[in-house]
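Understanding the architecture of this molecule
Listed below, chain by chain, are the residues.
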Amino acid sequence: MNSSAEKSTNAVPPDPADDAAFAGRVESAIAVLSPDALGAVCRHAEAEYPEECCGTISGSGVRPSVNVCREGGGAIDARRTFELDAASAVAVAQSAEDSNGVRIVYHSHPDGPAVFSETDRRAAAPAGRPVYPHLCHLVIACTGGRVSQVSLYAWRRDEYVRVASWARAALQRVVAESDAD
Ligand SMILES: [Zn+2]
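Here is a short report on the structure shown in this document. Just so you know, these numbers come straight off a predicted model, no measurement behind them.

**What to know about the overall build of the chain**
- Regarding its fold elements, the chain presents five helices and six strands.
- Mapped in sequence order, the helices and strands of the chain form the string α-α-β-β-α-β-α-β-β-β-α.
- For the chain, with 181 residues in total, the buried portion stands at 34%.

If you want it as structure tokens, here you go:
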């Protein structure tokens, strides 16, 4: 489809289109991550502690999801993993075609770091490629029931990289000042 027909299996030269796509998805994610949205996901994480919260953020705001793992009768531990509910999963699936659709999937790590874990990476990119490369992932560290750090990850070339991070002091200010509705 493009002109770079001669691709070596090793040391593929950086493709400027990859970097442009990366910049575009970061810009789209930051655009939907208003202070109110950031405050809302922090409150969600604290409300669900010690379980993982999850949800989506689009241009129309934050949509908290039920963590379906909680409804599994304990077979899967909602304190250690998450799964979006059906409505959120549909919204995610439709988002690639919709410029106003979901741009961020968020979830919390109760008493864990704000790091996109190996488990998270495998879920988002099961065969080493993201199912939804346009989506960014927001990870909320919730330590002892209080949000302590939030990090945003985006797909770049061949891996998820951290593109933004908020520390506890900034988050407490955002939570206090954002609209609680
Ligand atoms: Zn995680």
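**Regarding the sheet that holds strand β4 (residues 136-143)**
- As summarised here, the arrangement of the six strands in space is β2-β1-β3-β4-β5-β6, forming an open sheet in which the pairing is mixed. Of all the strands in the sheet, just β2 (61-65) and β6 (159-167) have a single pairing partner and so form its edges. Going from strand to strand, the sheet's axes swing by 25 degrees on average, the running direction of each strand aside.
- The strands touched by helix α1 (residues 16-32) within the sheet are β1 (54-58), β3 (104-110), β4, β5 (146-156) and β6, with β5 carrying the most contacts at an inclination of about 150 degrees.
- Across the face of the sheet, helix α2 (residues 35-48) comes into contact with β1, β2, β3, β4 and β5 while running at roughly 50 degrees to β4.

**Examining the pairing of β5**
- With seven bridges joining them, β4 and β5 adopt antiparallel strand pairing. The residue bridging T143 from the neighbouring strand is R146, located in β5.
- Where β4 hands over to β5, the hairpin turn is made up of two residues, of which G144 adopts a positive phi near 60 degrees.
- Relative to β6, β5 runs antiparallel, the two being bridged by eight bridges. Pairing of V150 across the sheet is with W166, part of β6.
- Where β5 hands over to β6, the hairpin turn is made up of two residues, of which R157 adopts a positive phi near 60 degrees.

**Examining the nonpolar core**
- Judged by nonpolar contacts, the single largest core of 38 residues is most densely connected at V41, I104, C136, L138 and I140.
- When contributions to this core are tallied by element, the ones reaching two or more residues are α1, α2, β1, β3, β4, β5 and α5 (168-177).
- Sequence-distant contacts of C136, defined by excluding residues within four places in its chain, comprise R25, V26, A29, R103, I104, L152, Y153 and A154.

**Digging into unusual backbone geometry**
- Omega for the peptide link from Y49 to P50 comes to 10 degrees, which places this bond in the cis form.
- Checked against the element boundaries, P50 lands in the loop between α2 and β1.
- Of note in this structure, D111 is not a glycine but carries a positive phi near 55 degrees.
- By the element assignment, D111 lies in the loop between β3 and α4 (118-124).
- A residue is classified by how many C-beta atoms lie within 10 Å of it, and D111, with 14 of them, is partly exposed.
- With phi around 60 degrees, R157 is a residue other than glycine that occupies positive phi space.
- When you line up the elements, R157 lands in the loop between β5 and β6.
- With 12 C-beta atoms counted inside 10 Å, the residue R157 sits in the exposed group.

The rules we used
- Numbers given for residues are sequential positions, taken from 1 along each chain in its written order.
- Restriction of local features to residues with pLDDT of at least 70 applies here, the model being predicted, together with a cutoff of 80 or more for giving and counting side-chain atom pairs; totals for whole chains, interfaces and linings are based on all residues.
- Segments assigned H or I by DSSP are reported as helices when at least four residues long, segments assigned E as strands when at least two residues long, and all are numbered from the N terminus.
- Exposure classification rests on a simple neighbour count of other C-beta atoms within 10 Å of a residue's own: a residue reaching 20 or more is buried, one at 12 or fewer is exposed, and one in between is partly exposed. C-beta atoms are placed from the backbone.
- At least two bridges found by DSSP between two strands are what make those strands a pair.
- To obtain an axis, a line is fitted to C-alpha atoms, over the contacting stretch when the element is a helix, and the angle between two such axes runs from 0 to 180 degrees between their N-to-C directions.
- Working definition of a contact: two residues with C-beta atoms, positioned from the backbone, lying within 7 Å.
- Definition of nonpolar core: a set of buried Ala, Val, Leu, Ile, Met, Phe, Trp, Tyr and Cys residues joined via C-beta atoms within 7 Å.

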